Amino acid sequence: MKTDTPQPVYLKDYRPTDFVLETVALTFELGETETTVTSQLRFHRRPGAAADAPLHLDGDALTLVELAVDGEPVASERYQQSGPGLVISGLPAEAAFTLSVTTRINPTANTQLLGLYRTNGIYSTQCEAEGFRRITFFPDRPDVLAVYTVTIIGCKKTEPLLLSNGNLIEKKDLGDGRHMAVWNDPHPKPSYLFALVAGDLAVIEDHFVTASGRNVKLEIYVEHGKEGRAGYAMDSLKRSMRWDEERFGREYDLDIFMIVAVSDFNMGAMENKGLNVFNDRLILADPQTATDDDYERIEAVVAHEYFHNWTGNRITCRDWFQLSLKEGLTVYREHEFSADQRSRPVIRINEVRFLRSNQFPEDGGPLAHPVRPTQYLEIDNFYTTTVYEKGCEVSRMIATLIGRDGFRKGMDLYFERHDGGAVTIEDYLKCFEDATGRDLTQFSLWYHQAGTPVITATSQYDPSAKTLSLTLGQSIPPTPGQTDKKPMHIPIRTGLIGANGEEIEPVSVSGGERTGDVLHLTRASQTFVFEGIASKPAVSLNRDFSAPVRVSYDQPVAERALIARSETDPVARWDAANGLALQALCQMSRALQAEEAAEADETVARVLLAFAADETLEPDYRALALTLPSETDVARELGENVDPEAVHEARQILAAAIAKAGGTLFARLADEMRDTGAFSPDAASAGRRALRNIALSYQARISDDPEPLLAAYKQANSMTALIGALRILVSGFADTPAASEALADFRTRFAGEPLVLDKWFSAQAAIAGEEALERVKGLMRDAAFNSGNPNRVRALIGAFAASNPTGFNRADGLAYDFYADFLLDMDKRNPNLTARLMTSMRSFETLEPIRRARARSAIERIAEADGLSRNLRDIVNRMLKN
């Protein structure tokens, strides 16, 4: 590992390269432990660059074999290896030249899974963000775009498949047991979008006819024997291609689109031009091995990576500080696709839940950073929920400000103006300003200021004047490096609900801009006056979660209950009910922590059961309404001095009260929502299964008998039903013969299915209580657990740290010590994965003093260890800075 002190990279220091790269020709002679890479790079000096400026190339873990310019070897005094990179001087001042670089790499030894690596007999690449420099010396940055031609030479027997970006232009047998394939990508791209896959895989094929009549070949490559599980991914791909044509006017631009599913992959998927590489868990699905959540995630991620073809590939980032320009925007496009394919309210609620559970804690802790950071130490650590999900919300707010048609006009201009370019956030925003005339200067602060805005609200009704005065204030807590924040432009969708549940439309509204039901909050405090209000209404704030903010409004429980019953906006209706439950859980947690009695609020049970019983609502929506805020959600709202045991007990008490009050209803739902026909992954069928599973979970809360759950497990006809019953069984009856029987059956039944066994690992890792640590240690000894596979590690170790607040946050600190030991060992092999796992402890400062001190001690031990990777050191240093 590197032990040098790395220096931050700053946005303010950006400058273009001194040399322009015109074309790239790569030749790979594949070998398991020795692969030779020869690159032919055509450069010319950028106009205005100094005539004696040297050429700087990035490199990491490379063996340099040969170096030549225009066919002549470069003398040793003209180049030097500066750190891991290469600096070459004495290059032509005006004429273009070809630099030839030959390097050797060892794909099998590449346990970082970054660059070119070989696992399970398959060569694969992951080059984003800075992996290409582990293949050859290169100006490895996103603003260096060129046309690539790639020649791959491999063994016909072990690598019958040789794939790269673009179109296949030549393939031939070399006569010595090897063969060759040549690929050309006609579209200039940065190095992070390069891809190579070689090995022996099966393929399913299809085609897609574009809006202009072009016939595009579609191929998905998977392990032999798993072709039948790639059908849903192919269907999702075709639907996403059609949707992008219809919604954004974007047509695919190559003759072929390929997806390869690999089992060892740090990320979820990678949008390499024309050759997407996927973690196999996001491609493979059938009713016996995949849950409804798996199907939905496959659909979303296939679409996300395809949409990158335009938002990320055809138009890319000038530098990595602009990462959200491709990721946040593409997440928004993905979310809109999912909403059109499924239930828009359900999709939006799940987006809100994820944002609050994952991005809000990030924004409120030591790892907080703006959507567009101004500096980084290790760019891999900025593939965060802030860049992705909050970045998505910023694009969503732009659409709210200028309307759907205005957003489409702005995107059309963006594609027209910047196709083939590497651009900035400012370029993106300027397109919407020019297309619609809306000034986004103040709004752009969303990209520059970290932290979750807090909206304070007070309301006063004047019956004589028939007016409602609503005062909204905004503030953003201090975050690392940013103490003073400016007021932002925040769109707050707002509704007024009458006592009988009717929506009240005011005669007029003063105090600031209002478009439709959107109040435009632009100052630190504004008072909006609604005229013509005949009776006091309940105020519904932030409908559809129109802005990613926290709302602080001391609203009576009766008004929240009214909104939960009557709101026409389904997201706001759910949020009112969820807010009631969250408020109750926080109050109960504090009472239990103070060793006081904690009783469940009957209003919460009444409101949630009304959702459950309302057959006019979608089953999936009813299931979401019945899903209590997680223990992590409660801890986030408490904010400080959190006792995980008290939070867990509070949630148990409230869930049991709801179960008791709705016993008859839950029994009926468990029966009515049972699958009786053939499996279908459509949203309506998935919703029925979700509602049945949550009904079963509530039934288990008030039962001492695990046998009904074991029966449900045995009768399950889909993985959703099977793993749902297993999770409920082991979480409520972990030490019973019934739970042991089901766990043993699952392990045996799916012995040859690693992705399915990930669910088995995760279900056990999440079982609450101090016994969890020993359970996890025992599972690490299971033959199916492989610490070299990121999926296995996330399923067991990651799930334990992120999904088991009581087990992980043991008061004695032993789980923290275990985690520190595991991460220190893992960091030697896979720094990227280790750093991501480390973020599970980012909120340790919010714990009560004893746990907080023990967590800090474990993190400090990691920080003091020798030989930490840049990735891990960056995370722990930022976590300890406070």
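For the structure given in this document, a descriptive report is provided here.

Criteria and cut-off values
Residues numbered from 1 in each chain as written. Predicted model: local features only at pLDDT ≥ 70, side-chain atom pairs only at ≥ 80, totals over all residues. Heavy atoms only, no water. Helix = DSSP H or I, 4+ residues; strand = E, 2+ residues; numbered from the N terminus. Rg over C-alpha atoms; globule rule 2.2 N^0.38 Å. Buried < 20%, exposed > 50% of the residue type's maximum accessible area, 1.4 Å probe, protein only. Contact = heavy atoms within 4.5 Å. Lys, Arg positive; Asp, Glu negative; His and termini not counted. Charge placed at Lys NZ, Arg CZ, Asp CG, Glu CD. Pairing = 2+ DSSP bridges. Axes fitted to C-alpha atoms, helices over the stretch in contact; angles between N-to-C directions. Nonpolar A, V, L, I, M, F, W, Y, C, P; charged D, E, K, R; others polar. Core = buried A, V, L, I, M, F, W, Y, C linked by side-chain atoms within 4.5 Å. Polar contact = N/O pair within 3.5 Å; in protein donor to acceptor, adjacent residues only side chain to side chain. Phe/Tyr/Trp six-rings, centres within 6.5 Å; stacked < 30°, edge-to-face > 60°. Lys NZ or Arg CZ within 6 Å of the ring centre and 35° of its normal.

## With respect to the overall build of the chain
From N to C terminus, the chain includes 26 helices and 33 strands. Scaling as 2.2 N^0.38, a compact globule of 882 residues should have a C-alpha radius of gyration of about 29 Å, and the chain matches this with 28 Å. Dimensions of the chain, computed from C-alpha atoms along their principal axes, come out at roughly 90 × 65 × 60 Å. Within the chain, the proportion of its 882 residues that are buried is 60%. Counting contacts in the chain only where the partners sit at least 6 residues apart, residues at least 24 apart contribute 70% of the total. Distance between charge centres in the chain, computed from 96 positive and 125 negative side chains, equals 1 Å.

## Side note on the sheet that holds strand E25 (residues 454-462)
Here five strands make up an open sheet; going across it, the order is E28-E31-E26-E25-E33 and the pairing mixed. Only two strands of the sheet have a single neighbouring strand rather than two, namely strand E28 (508-510) and strand E33 (550-553). Strand-to-strand twist in this sheet, taken as the mean axis angle between neighbours without regard to direction, amounts to 25 degrees. Both E25 and strand E26 (residues 467-475) contribute to a ladder of nine bridges, which runs antiparallel. Bridging from a neighbouring strand, Thr-456 pairs with Gly-473 of E26.

## Side note on the packing of helix H3 (residues 323-341) against helix H4 (residues 344-363)
Where H3 contacts H4, the axes come no closer than 7 Å and their chain directions differ by 145 degrees. In this structure, H3 contributes His-335, Glu-336, Ser-338, Ala-339 and Asp-340 to the contact, and H4 contributes Arg-344, Ile-347 and Glu-351. Grouping the constituent residues of the contact of H3 with H4 by class yields two nonpolar, two polar and four charged.

## What to know about the sheet that holds strand E21 (residues 275-279)
Read across the sheet, five strands follow the order E17-E18-E19-E21-E20 without closing on themselves; strand pairing throughout is mixed. Sheet topology places strand E17 (202-209) and strand E20 (269-270) at the edges, where each strand pairs with a single neighbour. Pairing of E17 with strand E18 (residues 215-222), which is carried by eight bridges, proceeds in the antiparallel orientation. Bridge assignment links Asp-206 to a residue of E18, and that residue is Leu-218. Contacts from helix H1 (residues 231-248) reach E17, E18 and strand E19 (256-262) within the one sheet, and its direction differs from that of E17 by about 25 degrees. Packing of helix H2 (residues 292-307) onto the sheet brings it into contact with E19, E20 and E21, and relative to E21 it is tilted by some 150 degrees.

## Focus: the nonpolar core
Most often, soluble globular proteins have nonpolar side chains that are buried together. Grouped together as the largest cluster of nonpolar side chains are 159 residues, with contacts concentrated most on Phe-28, Leu-99, Phe-194, Ile-283, Phe-407, Tyr-414 and Tyr-428. Looking at which element gives the most residues to this core, the answer is helix H5 (residues 385-418), with 14 residues. Discounting residues that sit within four places of it in the chain, Phe-28 has contacts with Thr-35, Thr-36, Val-37, Leu-116, Ile-135, Val-150, Thr-151, Ile-152, Ile-153, Phe-194 and Leu-196. Formed by 130 residues, the second largest nonpolar core is a distinct cluster that contains Leu-562, Ala-695, Leu-837 and Leu-880.

## A look at unusual backbone geometry
Looking along the chain, the bond that leaves Glu-128 and enters Ala-129 is cis, with omega of 5 degrees. Along the chain, the position of Ala-129 falls in the loop between strand E11 (122-126) and strand E12 (146-155). The backbone of Ala-61 shows a phi angle near 60 degrees, a positive value even though the residue is not glycine. Relative to the helices and strands, Ala-61 resides in the loop between strand E4 (55-57) and strand E5 (63-69). One non-glycine residue, Asn-542, lies in the positive phi region at around 60 degrees. Looking at the element boundaries, Asn-542 is found in the loop between strand E32 (538-541) and E33.

## A few points about the side chain of Arg-372
Tracing the chain through its elements places Arg-372 in the loop between H4 and strand E23 (375-376). Side-chain polar atoms of Arg-372 contact the side chain of Glu-426, separated by 2.7 Å.

## Observations concerning the packing of aromatic side chains
If you walk through the whole model with that rule in mind, you get 40 aromatic pairs. One Lys or Arg, Arg-318, reaches over the ring of Tyr-14 and ends 3.8 Å from the middle of that ring. Of note, Arg-573 hangs over the ring of Phe-611, and the distance from its end group to the ring centre comes to 4.9 Å.

## Observations regarding the pairing of E5
Examined bridge by bridge, E5 and strand E9 (residues 97-105) share six bridges and lie antiparallel to one another. Residue pairing in the sheet places Val-69 in a bridge with Leu-99 of E9. Where E5 and strand E6 (residues 72-73) come together, two bridges link them in antiparallel fashion. Its bridge partner being in E6, Ala-68 is matched across the sheet by Pro-73. From the end of E5 to the start of E6, which pair antiparallel, there are two residues, and Asp-70 there has a positive phi angle of about 50 degrees.

Keep in mind these numbers describe shape, not what the thing actually does.
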